[in-house]
2 protein chains.
Amino acid sequence: MKVILDAFGGDNSPLEVIKGAYQAVCKDPSIEVILCGNREIIEKVISENGLSHKSFSVKHCTEKIEGDDDPIKAVKTKKDSSIIVGLNLLKEEGGDVFISAGNTGALFTASNLILKRIKGIKRSALAAYLPTKKGPKLILDAGANVTLSAEYLNQLAMMGSTYIEADKGIKKPSVGLINIGAEATKGTEALVEAYKIMSENPEINFKGNCEPRYILDGEFDVLVCDGFTGNIVIKTIEGVSKTLMSGIKGVMYKSLLTKICALGLKKGMYEFKKQFDYKEYGGTPIIGLKKPVIKAHGSSDAKAFMNAILTSRSYVKSDIIAGIERKMNVE
Amino acid sequence: MKVILDAFGGDNSPLEVIKGAYQAVCKDPSIEVILCGNREIIEKVISENGLSHKSFSVKHCTEKIEGDDDPIKAVKTKKDSSIIVGLNLLKEEGGDVFISAGNTGALFTASNLILKRIKGIKRSALAAYLPTKKGPKLILDAGANVTLSAEYLNQLAMMGSTYIEADKGIKKPSVGLINIGAEATKGTEALVEAYKIMSENPEINFKGNCEPRYILDGEFDVLVCDGFTGNIVIKTIEGVSKTLMSGIKGVMYKSLLTKICALGLKKGMYEFKKQFDYKEYGGTPIIGLKKPVIKAHGSSDAKAFMNAILTSRSYVKSDIIAGIERKMNVE
């Protein structure tokens, strides 16, 4: 598998990106990585950190889209940026997947422009795994489209179902619509209509609305919402987890006695935290496109990049894109 | 102060409602409570549980709005329900505040119909306190209006600022707009416009967008959003807190050793949990109305009802409603 990697995306690029790529190719020798970005800098980082590997190659380009660049403007003007060059390489069959931790809006806009969507798909979307009590579950749209009509939400349900079935082997994945109440009449007009359409769609296993207080219970395999709501949910989960875990750390480190007591809980706490660590989950695929693209978290470290590369194998090797195409033609 | 209390609202009514009222009048002898509901049942609960108190009186009515009743239909047809009778009593100056843990939609609709809004206020809203690292902060709308225009969001910012200033003595409270990014151009059209209007409003101390991952840091005194977003945020916080706290409990109770270690952390954990316990915060006021109405959580127990009654004193005694009136006339 050939991974095209944006070496200049994310807060910790290029060092952590290259470190993560190095760890991934060491773990799986069948992976080749094409690092997109300024050749001189990449080679310097590789040699200074002893990260040289025969599975690495470089696709040189001179520009970089910054995190705070306006996405549409950046895509139009920075033609020699690592995102645009990498996506063009993917389009021209120079690799199997493109991974970037760069500007989400620019990556999303450029992916849609360069790679195009699967026939029949009206909106592509970010599909993120959420850690739950019953393992990782998919939430989409995680932040790409601020608003979505009922029809588009219904398409997301079909794409998400196909994705998690192929990626995790979940048969007939259950689908929930994120909403402020369980009743079919709750929420915005788009949600009320989406509830109706999804109830009547034989291609999905729709189980009704999911109130956010039950998301982490993991009863739904696929959670559907517009990108605004999805992003609000994900960022709220992140914030609450961080606040509570740091508060509990504070309780444990309060005195010598509590520190000693905390020692006995260390292993259990480590395992519990690991279960809710996004770094274990790899990147977030953009689904609905004709080729696989994965968005890594902007603050990814080497471990997160390694996992993004390793977990991308199933998106590449499985039948996900062809499966979505088939579902669209059934309609 | 005379509190009109819906004795038949919430999952644990009427027993926990009356218990909570009893605890409140024992704590503050200046409070009188008028219990709205079926006299026979109320008197039976009082006598069977030894809750008789000279500060109690009963406003008899025969009907009850159920949690799953359609709000608008219920308000139209159940004229002798505890919510409608209680609100009418408040309107006729038979008390100073109405508190109910009943059907939120019905309470909200009936409050607007019976009590009317303050002159100039286009939408009333639920203003909930969120526990944060820097103490309780206000989020509004917490779930009453699914969508809100930029102009209405701006009104919410003014009402929320007036409320928290009067209730908690916070001078020039900082205002944040809940959004998926910090930049002024992020989010829905309504949010982009609201950012602009609020930036130019001299009546509020607008500090920009607040991403949900920073909500619990408590940097903003007032968080403004539409009711859909507010409800999603609150319910996500509830769900994540519950999942994490029960997971940590699981770690602590795993073995004899961990149980012993957990003992040493008990006090700290108790204090930490107390900081994030909604029951400490009392009810959620509906603001924008001509009279004070407070929504208690549907699953409130006696302690939550007691706190809802005790914390309602500041809404009644302070200058909040007059303050909002003045702010509206300045415009």
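Keep in mind that this is a model prediction, so the values were computed, not measured. (Residues numbered from 1 in each chain as written. Chains lettered and ligands numbered in written order. Predicted model: local features only at pLDDT ≥ 70, side-chain atom pairs only at ≥ 80, totals over all residues. Heavy atoms only, no water.)

1. A closer look at helix α5 (residues 104-115) of chain A
All names here are of chain A.
- Spanning twelve residues, α5 covers 16 Å between terminal C-alpha atoms, matching the ideal 16 Å at 1.5 Å per step.
- Those residues of α5 not exposed but buried are A106, L107, F108, A110, S111, N112, I114 and L115.
- The N-capping residue of α5, defined by a side-chain oxygen 3.1 Å from the backbone nitrogen of G105, is N103.
- Backbone geometry just after α5 places K116 at a positive phi near 70°. (Helix = DSSP H or I, 4+ residues; strand = E, 2+ residues; numbered from the N terminus. Expected span 1.5 Å × (residues − 1). Buried < 20%, exposed > 50% of the residue type's maximum accessible area, 1.4 Å probe, protein only. Polar contact = N/O pair within 3.5 Å; in protein donor to acceptor, adjacent residues only side chain to side chain.)

2. Side note on the packing of aromatic side chains
Residues and elements named next belong to chain A.
- All chains considered together, the criterion is met by six aromatic pairs over all chains.
- Of the aromatic side chains, those joined through ring pairs into one cluster are Y129, Y163 and Y315.
- One cation-aromatic arrangement involves K168 over Y129; the distance from NZ or CZ to the ring centre is 4.7 Å. (Phe/Tyr/Trp six-rings, centres within 6.5 Å; stacked < 30°, edge-to-face > 60°. Lys NZ or Arg CZ within 6 Å of the ring centre and 35° of its normal.)

3. Some thoughts on the interface of chain B and chain A
- The partner chain A presents 44 residues to the 44 residues of chain B that form the contact.
- For the pair chain B and chain A, the two sides together bury roughly 4,200 Å², of which 79% comes from carbon and sulfur.
- At the boundary of chain B and chain A, one finds six salt bridges.
- Across the contact surface, chain B and chain A share eight residue pairs in polar contact (both at pLDDT 80 or more).
- Those elements that place two or more of their residues in the side of chain B that touches chain A are α8 (227-252), α9 (256-263) and α10 (266-275) of chain B.
- When residues in the side of chain B that touches chain A are grouped by element, the largest group, 19 residues, is from α8(B).
- Per-class residue counts for the side of chain B that touches chain A are 21 nonpolar, 15 polar and eight charged. (Contact = heavy atoms within 4.5 Å. Buried area = accessible area lost by both parts, 1.4 Å probe. Salt bridge = Lys/Arg side-chain N within 4 Å of Asp/Glu carboxyl O. Nonpolar A, V, L, I, M, F, W, Y, C, P; charged D, E, K, R; others polar.)

4. Some thoughts on the packing of helix α4 (residues 82-91) of chain B against helix α5 (residues 104-115) of chain B
All names here are of chain B.
- At a closest axis distance of 10 Å, the pairing of α4 and α5 adopts a crossing angle of 30°. Put simply, α4 runs roughly parallel to α5. For the pair α4 and α5, the crossing hand works out as right-handed. In contact with I83, I84, L87, N88, L90 and K91 of α4, α5 contributes L107, A110, S111, I114 and L115.
- Grouping the amino acids of the contact of α4 with α5 by side-chain chemistry returns eight nonpolar, two polar and one charged. (Axes fitted to C-alpha atoms, helices over the stretch in contact; angles between N-to-C directions. Parallel < 35°, antiparallel > 145°, perpendicular 65-115°, else oblique. Left-handed = near helix turned anticlockwise from the far one by under 90°.)

5. Side note on the pairing of strand β1 (residues 2-6) of chain A
- For β1(A), the tally of buried residues reaches four of five residues, placing the bulk of the element in the interior.
- In this fold, β1(A) hands off to helix α1 (residues 15-27) of chain A, which returns the chain to strand β2 (residues 32-37) of chain A; that crossover is right-handed. (Right-handed = clockwise from strand over helix to strand, strands pointing away.)

6. Comments concerning the sheet that holds strand β5 (residues 125-132) of chain B
Residues and elements named next belong to chain B.
- Overall, mixed pairing links the eleven strands, which are arranged β3-β2-β1-β4-β11-β10-β5-β6-β9-β7-β8 in an open sheet. Two strands bound the open sheet, and with one partner strand each, they are β3 (56-60) and β8 (205-210). Between one strand axis and the next, the sheet turns by 30° as a mean value, whatever way the strands run.
- For β5 and strand β10 (residues 284-287), the ladder comprises two bridges, and the chain directions are antiparallel. From the neighbouring strand, A125 faces β10, where its bridge partner is I287.
- Its contacts with the sheet put helix α11 (residues 302-317) on β1 (2-6), β4 (97-100), β10 and β11 (293-295), and the angle it makes with β4 is roughly 145°. (Pairing = 2+ DSSP bridges.)

7. Some points on a positive patch on the surface
- Side chains of A:K91, A:K116, A:R117, A:R123 and A:K290 sit close together on the surface and give a patch of like positive charge.
- Its place among the elements puts A:R117 in the loop between α5 and β5 (125-130). (Patch = residues over 30% accessible without salt bridge, like charges linked within 9 Å, V, L, I, M, F, W, Y side chains within 5 Å. Areas by Shrake-Rupley, 256 points an atom, 1.4 Å probe, with all protein chains shown as cover. Lys, Arg positive; Asp, Glu negative; His and termini not counted. Charge placed at Lys NZ, Arg CZ, Asp CG, Glu CD.)

8. Brief notes about α11(B)
- When the terminal C-alpha atoms of α11(B) are compared, their 23 Å separation across 16 residues agrees well with the 22 Å that a helix rising 1.5 Å per residue should span.
- Those residues of α11(B) lying buried are B:A302, B:A304, B:F305, B:M306, B:N307, B:A308, B:I309, B:L310, B:S312 and B:Y315.

9. Comments concerning the sheet that holds strand β9 (residues 222-224) of chain A
Residue and element names in this part refer to chain A.
- An order of β3-β2-β1-β4-β11-β10-β5-β6-β9-β7-β8 is seen for the eleven strands of this open sheet, with the pairing classed as mixed. Edge positions in the open sheet fall to β3 (56-60) and β8 (205-210), since each of these has one partner strand only. The mean inter-strand angle of the sheet, taken between neighbouring strand axes irrespective of direction, is 25°.

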